Amino acid sequence: LYQVHNSQRLGSDVSRDKQALSEYFNLTVSLESLYRDFCERDARFKAVSGYFTGARMMRQDPFECMFSFICSSNNHISRIHGMVERLCSSYGTPLGVVAAGSDNEPQ
């Protein structure tokens, strides 16, 4: 796990990070409602939406988006994941480790 950056305007560290993650993944937006609306408006989306349930529109920082796009050029998902992980390990601030089977709270 790595620290959430650029969320100083929120409360304590844990609640700030949870809020930042919620905003980043747009967790307050109902996917079911969005998918229903998208399917009504777009036949192609309706045809393929069953193959990527749970896909979200993220509120990603423009620099993060740019680096992810650059890393994705001519690469497969596992290699992209490795590159992003190495960037986080080199330049991010470690928060802790989540133990297998835990309630997902960092240790």
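(A) Fine view of unusual backbone geometry. Of note, the phi angle at Asn26 is positive, near 50 degrees, even though the residue is not glycine. By the element assignment, Asn26 lies in the loop between α1 (13-24) and α2 (31-41).

(B) Main features of helix α5 (residues 77-91). In this model α5 runs 21 Å from its N-terminal to its C-terminal C-alpha over 15 residues, within 8% of the 21 Å that 1.5 Å per residue would give. Those residues of α5 not exposed but buried are Ile80, Gly82 and Met83. Projection of α5 onto a plane perpendicular to its axis shows the buried side chains occupying an angular sector of 160 degrees, all on one side. In α5, the exposed positions angled more than 90 degrees off the buried face are occupied by Ile77, Ser78 and His81.

(C) Quick look at the packing of aromatic side chains. Scanning the model with the defined rule gives five aromatic pairs in all. Pairing Phe38 with Phe45 gives two aromatic rings, centres 5.3 Å apart and planes at 85 degrees, and the pair type is edge-to-face. Judged by relative accessible area, Phe38 falls into the partly exposed class, the value being 32%. Centroid distance Phe45 to Phe52: 5.6 Å. Interplanar angle 75 degrees. Geometry classified as edge-to-face. Taking relative accessible area as the criterion, Phe52 reaches 30% and is therefore assigned partly exposed.

(D) Molecular detail of the pattern of salt bridges. Overall, the coordinates contain two salt bridges when judged by the stated rule. Arg36 is paired through a salt bridge with Glu32; the nearest N and O atoms lie 3.6 Å apart. One end of the pair is Arg36 and the other is Glu32, both in helix α2 and four residues apart, which spans about a single turn. Residue classification places Arg36 among the partly exposed positions, given a relative accessible area of 45%. Classification of Glu32 by relative accessible area gives exposed; the value is 60%. Between Arg41 and Asp37 there is a salt bridge whose closest N-O contact spans 2.8 Å. Within this pair, Arg41 and its partner Asp37 are both found in helix α2, separated by four residues, close to a single helical turn.

Calculation criteria
Residues numbered from 1 in each chain as written. Predicted model: local features only at pLDDT ≥ 70, side-chain atom pairs only at ≥ 80, totals over all residues. Heavy atoms only, no water. Helix = DSSP H or I, 4+ residues; strand = E, 2+ residues; numbered from the N terminus. Expected span 1.5 Å × (residues − 1). Buried < 20%, exposed > 50% of the residue type's maximum accessible area, 1.4 Å probe, protein only. Arc of directions from axis to C-beta. Phe/Tyr/Trp six-rings, centres within 6.5 Å; stacked < 30°, edge-to-face > 60°. Salt bridge = Lys/Arg side-chain N within 4 Å of Asp/Glu carboxyl O.

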